Amino acid sequence: MTATRTRAQQGTTPQQVFQSAIASLNSGNVGALQLSGTIEAPAGEDSDTGTFSGQCSISGTSQLQMQLSSGTRTENSLIAAGVASGSWVDEQGTAHAMAPQNVQTPAAWFCPQVVLSSILKSPGSMTIQFVGSETKNGIAALHYLVAPPSLSSASDGSSSISAIAQTDIYLNATTLQPVAFDFNAHPDNNALVNIPIEIQFSNYVNLGGVLVPGTVSKYMNGALVVTLQATSATPSASSVTTN
(Lines give C-alpha, C1' and ligand atoms only; values in the text may rest on other atoms or scores of the structure.)
Protein backbone atom coordinates (compact mmCIF):
# COMPACT_ATOMS: atom_id res chain seq x y z
CA MET A 1 0.00 0.00 0.00
CA THR A 2 1.39 3.39 -0.95
CA ALA A 3 1.98 6.16 1.56
CA THR A 4 -0.65 8.27 -0.19
CA ARG A 5 -3.25 5.54 0.11
CA THR A 6 -2.35 4.96 3.75
CA ARG A 7 -2.84 8.66 4.56
CA ALA A 8 -6.21 8.64 2.81
CA GLN A 9 -7.32 5.78 5.04
CA GLN A 10 -5.77 7.01 8.30
CA GLY A 11 -7.15 10.45 9.00
CA THR A 12 -6.46 12.59 5.92
CA THR A 13 -9.76 14.16 4.95
CA PRO A 14 -11.10 13.90 1.39
CA GLN A 15 -10.84 17.68 1.13
CA GLN A 16 -7.12 17.52 1.98
CA VAL A 17 -6.59 14.78 -0.61
CA PHE A 18 -8.35 16.88 -3.26
CA GLN A 19 -6.17 19.86 -2.31
CA SER A 20 -3.07 17.68 -2.71
CA ALA A 21 -4.34 16.42 -6.06
CA ILE A 22 -4.77 20.01 -7.29
CA ALA A 23 -1.28 20.89 -6.05
CA SER A 24 0.19 17.86 -7.82
CA LEU A 25 -1.08 19.33 -11.09
CA ASN A 26 0.51 22.75 -10.39
CA SER A 27 -3.02 24.13 -10.27
CA GLY A 28 -3.28 25.57 -6.75
CA ASN A 29 -3.79 29.15 -8.00
CA VAL A 30 -5.61 28.32 -11.22
CA GLY A 31 -9.10 29.80 -11.38
CA ALA A 32 -9.67 29.19 -15.06
CA LEU A 33 -8.11 27.18 -17.85
CA GLN A 34 -8.20 27.39 -21.64
CA LEU A 35 -7.37 24.28 -23.64
CA SER A 36 -7.05 23.48 -27.32
CA GLY A 37 -6.03 20.53 -29.43
CA THR A 38 -7.37 17.84 -31.72
CA ILE A 39 -10.53 15.78 -31.44
CA GLU A 40 -11.70 12.45 -32.79
CA ALA A 41 -15.29 11.24 -32.63
CA PRO A 42 -15.67 7.57 -33.64
CA ALA A 43 -18.84 6.78 -35.60
CA GLY A 44 -19.12 3.14 -36.58
CA GLU A 45 -16.45 2.31 -39.13
CA ASP A 46 -15.70 6.00 -39.70
CA SER A 47 -14.23 8.68 -37.46
CA ASP A 48 -15.01 12.37 -37.47
CA THR A 49 -11.93 14.46 -36.73
CA GLY A 50 -11.09 18.10 -36.17
CA THR A 51 -10.03 20.50 -33.44
CA PHE A 52 -11.44 21.64 -30.12
CA SER A 53 -11.16 24.63 -27.82
CA GLY A 54 -12.30 24.56 -24.24
CA GLN A 55 -12.65 27.02 -21.40
CA CYS A 56 -13.46 26.19 -17.80
CA SER A 57 -13.64 28.11 -14.53
CA ILE A 58 -14.03 27.17 -10.88
CA SER A 59 -17.09 29.44 -10.89
CA GLY A 60 -18.90 26.71 -12.84
CA THR A 61 -18.82 28.42 -16.23
CA SER A 62 -17.46 26.35 -19.09
CA GLN A 63 -17.51 26.09 -22.85
CA LEU A 64 -16.38 23.32 -25.17
CA GLN A 65 -16.35 23.99 -28.92
CA MET A 66 -15.82 20.99 -31.19
CA GLN A 67 -14.96 21.81 -34.79
CA LEU A 68 -15.41 18.56 -36.69
CA SER A 69 -15.53 17.84 -40.39
CA SER A 70 -19.29 17.35 -40.06
CA GLY A 71 -19.76 20.77 -38.45
CA THR A 72 -19.19 22.73 -35.25
CA ARG A 73 -20.93 21.91 -31.98
CA THR A 74 -20.64 23.96 -28.79
CA GLU A 75 -21.55 23.04 -25.20
CA ASN A 76 -22.04 25.82 -22.62
CA SER A 77 -22.62 25.68 -18.87
CA LEU A 78 -23.24 28.33 -16.24
CA ILE A 79 -23.91 28.47 -12.51
CA ALA A 80 -25.73 31.61 -11.36
CA ALA A 81 -26.97 32.09 -7.78
CA GLY A 82 -26.23 28.42 -7.16
CA VAL A 83 -28.43 27.24 -10.04
CA ALA A 84 -26.83 25.31 -12.90
CA SER A 85 -27.95 25.69 -16.50
CA GLY A 86 -26.58 24.68 -19.86
CA SER A 87 -27.09 24.75 -23.59
CA TRP A 88 -25.64 23.29 -26.75
CA VAL A 89 -25.41 24.75 -30.22
CA ASP A 90 -25.81 22.34 -33.12
CA GLU A 91 -24.07 22.28 -36.50
CA GLN A 92 -26.68 24.63 -37.94
CA GLY A 93 -26.07 27.22 -35.22
CA THR A 94 -29.31 26.54 -33.35
CA ALA A 95 -29.12 26.72 -29.55
CA HIS A 96 -30.83 24.08 -27.40
CA ALA A 97 -31.34 24.18 -23.64
CA MET A 98 -30.01 21.23 -21.66
CA ALA A 99 -32.47 19.36 -19.47
CA PRO A 100 -32.14 20.13 -15.73
CA GLN A 101 -31.07 16.56 -14.97
CA ASN A 102 -28.10 16.93 -17.33
CA VAL A 103 -26.51 20.01 -15.77
CA GLN A 104 -25.91 18.62 -12.28
CA THR A 105 -22.71 16.66 -12.98
CA PRO A 106 -19.36 18.26 -13.96
CA ALA A 107 -19.88 20.19 -17.21
CA ALA A 108 -16.14 20.94 -17.39
CA TRP A 109 -15.35 17.22 -17.59
CA PHE A 110 -12.36 17.99 -19.82
CA CYS A 111 -10.68 20.09 -17.04
CA PRO A 112 -10.24 17.72 -14.07
CA GLN A 113 -8.25 20.10 -11.86
CA VAL A 114 -10.86 22.82 -12.29
CA VAL A 115 -13.61 20.36 -11.36
CA LEU A 116 -11.75 19.42 -8.17
CA SER A 117 -11.20 23.09 -7.32
CA SER A 118 -14.85 23.97 -7.92
CA ILE A 119 -15.91 21.19 -5.54
CA LEU A 120 -13.68 22.59 -2.80
CA LYS A 121 -14.76 26.16 -3.57
CA SER A 122 -18.35 25.41 -2.57
CA PRO A 123 -18.19 23.90 0.93
CA GLY A 124 -21.58 22.69 2.11
CA SER A 125 -22.99 22.32 -1.39
CA MET A 126 -21.17 19.06 -2.10
CA THR A 127 -20.06 16.24 0.17
CA ILE A 128 -16.96 14.13 -0.55
CA GLN A 129 -16.87 10.55 0.73
CA PHE A 130 -13.87 8.23 0.53
CA VAL A 131 -15.23 4.94 -0.86
CA GLY A 132 -12.02 2.91 -0.82
CA SER A 133 -8.92 1.82 -2.67
CA GLU A 134 -9.42 -0.15 -5.86
CA THR A 135 -8.14 -0.70 -9.37
CA LYS A 136 -9.56 1.59 -12.06
CA ASN A 137 -8.62 1.01 -15.70
CA GLY A 138 -5.61 -0.99 -14.54
CA ILE A 139 -4.40 1.75 -12.16
CA ALA A 140 -4.35 1.62 -8.34
CA ALA A 141 -6.79 4.36 -7.43
CA LEU A 142 -8.50 6.14 -4.56
CA HIS A 143 -12.25 6.21 -5.10
CA TYR A 144 -14.32 9.19 -3.90
CA LEU A 145 -18.04 9.85 -4.20
CA VAL A 146 -19.11 13.50 -4.61
CA ALA A 147 -22.77 14.45 -4.24
CA PRO A 148 -25.02 17.17 -2.80
CA PRO A 149 -25.79 16.58 0.89
CA SER A 150 -29.52 17.08 0.33
CA LEU A 151 -31.67 14.02 -0.26
CA SER A 152 -34.64 16.09 -1.39
CA SER A 153 -36.63 14.85 -4.35
CA ALA A 154 -36.54 16.16 -7.88
CA SER A 155 -39.35 18.45 -9.00
CA ASP A 156 -41.38 15.54 -10.36
CA GLY A 157 -40.82 13.53 -7.18
CA SER A 158 -39.39 10.67 -9.21
CA SER A 159 -35.68 10.84 -8.56
CA SER A 160 -33.23 12.04 -5.92
CA ILE A 161 -31.28 15.17 -6.77
CA SER A 162 -28.30 13.63 -4.98
CA ALA A 163 -28.43 10.54 -7.18
CA ILE A 164 -28.68 12.61 -10.35
CA ALA A 165 -25.81 14.86 -9.35
CA GLN A 166 -23.40 12.33 -7.88
CA THR A 167 -19.98 11.79 -9.47
CA ASP A 168 -17.48 9.04 -8.76
CA ILE A 169 -13.93 10.42 -8.85
CA TYR A 170 -10.87 8.19 -9.10
CA LEU A 171 -7.39 9.53 -8.26
CA ASN A 172 -4.12 7.76 -8.96
CA ALA A 173 -3.10 6.32 -5.57
CA THR A 174 0.54 7.31 -6.12
CA THR A 175 0.43 10.65 -7.97
CA LEU A 176 -3.15 11.76 -7.10
CA GLN A 177 -3.68 12.66 -10.76
CA PRO A 178 -7.34 12.12 -11.77
CA VAL A 179 -7.81 8.78 -13.51
CA ALA A 180 -11.54 8.88 -14.26
CA PHE A 181 -14.86 10.58 -13.55
CA ASP A 182 -18.01 8.42 -13.63
CA PHE A 183 -21.53 9.87 -13.69
CA ASN A 184 -24.88 9.46 -15.42
CA ALA A 185 -26.53 11.41 -18.21
CA HIS A 186 -30.26 11.15 -18.85
CA PRO A 187 -32.74 11.55 -21.71
CA ASP A 188 -34.21 15.05 -21.80
CA ASN A 189 -37.67 13.70 -21.00
CA ASN A 190 -36.79 11.09 -18.35
CA ALA A 191 -34.53 11.65 -15.34
CA LEU A 192 -35.08 8.05 -14.24
CA VAL A 193 -33.15 6.55 -17.15
CA ASN A 194 -29.40 6.45 -16.50
CA ILE A 195 -26.87 6.64 -19.32
CA PRO A 196 -23.45 5.75 -17.86
CA ILE A 197 -20.71 8.24 -18.73
CA GLU A 198 -17.02 7.69 -17.99
CA ILE A 199 -14.32 10.28 -18.59
CA GLN A 200 -10.82 8.78 -18.66
CA PHE A 201 -7.68 10.89 -18.19
CA SER A 202 -4.21 9.77 -19.30
CA ASN A 203 -0.84 10.91 -20.69
CA TYR A 204 -0.42 13.92 -18.40
CA VAL A 205 1.78 16.64 -19.90
CA ASN A 206 3.04 20.03 -18.76
CA LEU A 207 1.36 22.73 -20.84
CA GLY A 208 1.47 26.36 -19.83
CA GLY A 209 3.02 25.46 -16.50
CA VAL A 210 0.24 23.11 -15.38
CA LEU A 211 -0.14 19.37 -15.74
CA VAL A 212 -3.13 18.48 -17.89
CA PRO A 213 -4.27 15.13 -19.26
CA GLY A 214 -2.89 14.96 -22.78
CA THR A 215 -5.67 12.52 -23.60
CA VAL A 216 -9.26 12.81 -22.40
CA SER A 217 -11.59 10.03 -23.54
CA LYS A 218 -15.36 10.14 -23.09
CA TYR A 219 -17.32 6.88 -23.02
CA MET A 220 -21.10 6.54 -23.17
CA ASN A 221 -22.65 3.19 -22.26
CA GLY A 222 -19.14 1.73 -22.52
CA ALA A 223 -18.57 2.98 -26.08
CA LEU A 224 -15.93 5.58 -26.91
CA VAL A 225 -17.62 8.71 -28.29
CA VAL A 226 -14.98 11.46 -28.08
CA THR A 227 -11.20 11.66 -27.63
CA LEU A 228 -9.53 15.00 -26.95
CA GLN A 229 -5.77 15.42 -27.41
CA ALA A 230 -4.60 18.61 -25.70
CA THR A 231 -1.76 20.54 -27.34
CA SER A 232 -2.07 23.92 -25.59
CA ALA A 233 -3.16 25.13 -22.15
CA THR A 234 -3.38 28.64 -20.72
CA PRO A 235 -4.13 28.93 -16.99
CA SER A 236 -5.37 32.10 -15.34
CA ALA A 237 -7.09 33.34 -12.21
CA SER A 238 -10.05 34.83 -14.11
CA SER A 239 -13.39 33.41 -15.12
CA VAL A 240 -14.45 32.53 -18.65
CA THR A 241 -17.43 33.67 -20.66
CA THR A 242 -19.66 31.69 -22.99
CA ASN A 243 -21.23 32.62 -26.30
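The rules behind the values
- Residues numbered from 1 in each chain as written.
- Predicted model: local features only at pLDDT ≥ 70, side-chain atom pairs only at ≥ 80, totals over all residues.
- Heavy atoms only, no water.
- Helix = DSSP H or I, 4+ residues; strand = E, 2+ residues; numbered from the N terminus.
- Contact = heavy atoms within 4.5 Å.
- Areas by Shrake-Rupley, 256 points an atom, 1.4 Å probe, with all protein chains shown as cover.
- Disulfide = S-S within 2.5 Å.
- Buried < 20%, exposed > 50% of the residue type's maximum accessible area, 1.4 Å probe, protein only.
- Salt bridge = Lys/Arg side-chain N within 4 Å of Asp/Glu carboxyl O.
- Core = buried A, V, L, I, M, F, W, Y, C linked by side-chain atoms within 4.5 Å.
- pLDDT = per-residue confidence, 0-100.
- Polar contact = N/O pair within 3.5 Å; in protein donor to acceptor, adjacent residues only side chain to side chain.
- Phe/Tyr/Trp six-rings, centres within 6.5 Å; stacked < 30°, edge-to-face > 60°.
- Lys NZ or Arg CZ within 6 Å of the ring centre and 35° of its normal.
- Arc of directions from axis to C-beta.

Draft legend 1. Here's a closer look at the overall build of the protein. For the protein, the helix and strand inventory stands at four helices and 13 strands. For the protein, long-range pairs separated by at least 24 residues make up 48% of all intrachain contacts whose partners lie at least 6 apart in sequence. Accessible surface, the protein as shown: approximately 11,300 Å² in total, 50% of it carbon and sulfur.

Draft legend 2. How the structure looks around the state of the cysteines. Per the counting criterion, the structure on display carries one disulfide. Here Cys56 pairs with Cys111 through a disulfide, and the sulfurs are 2.1 Å apart. The chirality of the disulfide connecting Cys56 with Cys111 is left-handed, given an S-S dihedral of about -90 degrees. Note that Cys56 is positioned in strand β2 (residues 46–57) and Cys111 in the loop between β6 (95–97) and α3 (112–121), a separation of 55 residues in sequence. Comparing Cys56 with Cys111 shows no difference in burial state: the two are buried.

Draft legend 3. Expanded view of α3. For α3, the buried fraction is high: seven of the 10 residues fall into the buried class. Among the residues of α3, those classed as buried are Pro112, Gln113, Val114, Val115, Leu116, Ser117 and Ile119.

Draft legend 4. Representation of the pattern of salt bridges within the structure. Applying the stated criterion across every chain yields a total of two salt bridges. A salt bridge links Lys136 to Asp182; its shortest N-O distance comes to 2.9 Å. With Lys136 in strand β7 (residues 127–136) and Asp182 in strand β10 (residues 178–185), the pair connects residues that are 46 residues apart, well separated along the chain. One salt bridge connects Glu198 with Lys136, and the closest N-O pair in it is separated by 2.7 Å. Highlighted residues: Glu198 in strand β11 (residues 195–207) and Lys136 in strand β7, separated in sequence by 62 residues. One continuous salt-bridge network, built from bridges that share partners, spans Lys136, Asp182 and Glu198.

Draft legend 5. Spatial organisation of the nonpolar core. Ranked by internal contacts, the top residues of the largest apolar core, which has 47 residues, are Phe18 and Leu33. Of all the elements, β11 adds the most residues to this core, at five residues.

Draft legend 6. Local environment of the environment of Met66. Position of Met66 among the secondary structure elements: in strand β3 (residues 62–68). Look at Met66 and you get buried, because its relative accessible area is 8%. For Met66, the residues in contact, after removing those within four places along its chain, are Ile39, Thr51, Gly71, Thr72, Arg73 and Glu75.

Draft legend 7. Quick peek at the environment of Ser53. As for its placement among the helices and strands, Ser53 is situated in strand β2. Once residues within four sequence positions are removed from consideration, Ser53 is found in contact with Leu35, Ser36, Gln63, Leu64 and Gln65.

Draft legend 8. How the structure looks around the confidence of the model for the protein. On average, residues of the protein carry a pLDDT of 86, and 86% of them reach 70 or more. Counting interchain partners and residues more than four positions distant, the pLDDT-below-50 stretch residues 1–10 has 19 contacts. This stretch, residues 239–243, has a pLDDT under 50; its non-local contacts, to residues over four places away or in other chains, come to 17 contacts.

Draft legend 9. Up close: the side chain of Glu198. On the accessibility criterion, Glu198 (14% relative accessible area) is buried. At a separation of 3.5 Å, a polar atom in the side chain of Glu198 contacts the side chain of Asn137. Among all residues touching Glu198, those that are not within four sequence positions of it are Lys136, Asn137, Ala180, Phe181, Asp182, Ser217, Lys218 and Tyr219.

Draft legend 10. Up close: the packing of aromatic side chains. A complete count under the given rule lists four aromatic pairs for this structure. Three or more aromatic residues joined by ring pairs make a cluster, and in this case those are Phe18, Phe130 and Tyr144. The lysine or arginine in question, Arg73, covers the ring of Trp88, its NZ or CZ lying 4.2 Å from the ring centre. Here the guanidinium or amino end of Lys136 rests over the ring plane of Tyr170, the centre of that ring lying 4.5 Å away.

Draft legend 11. How the structure looks around helix α2 (residues 14–24). Of all the residues in α2, the buried ones are Pro14, Val17, Phe18, Ala21 and Ile22. For α2, the angular spread of buried residues about the axis comes to 140 degrees, placing them on one side. Where α2 terminates, the next one or two residues include Asn26, which has phi positive at roughly 55 degrees.

Draft legend 12. Highlighting unusual backbone geometry. One non-glycine residue, Asn26, adopts positive backbone phi at about 55 degrees. Asn26 sits in the partly exposed class, given a relative accessible area of 41%. A positive phi angle is found at Asn137, which is not glycine, with a value near 55 degrees. Inspection of the secondary structure puts Asn137 in the loop between β7 and β8 (139–147). For Asn137, a relative accessible area of 40% translates into the label partly exposed.

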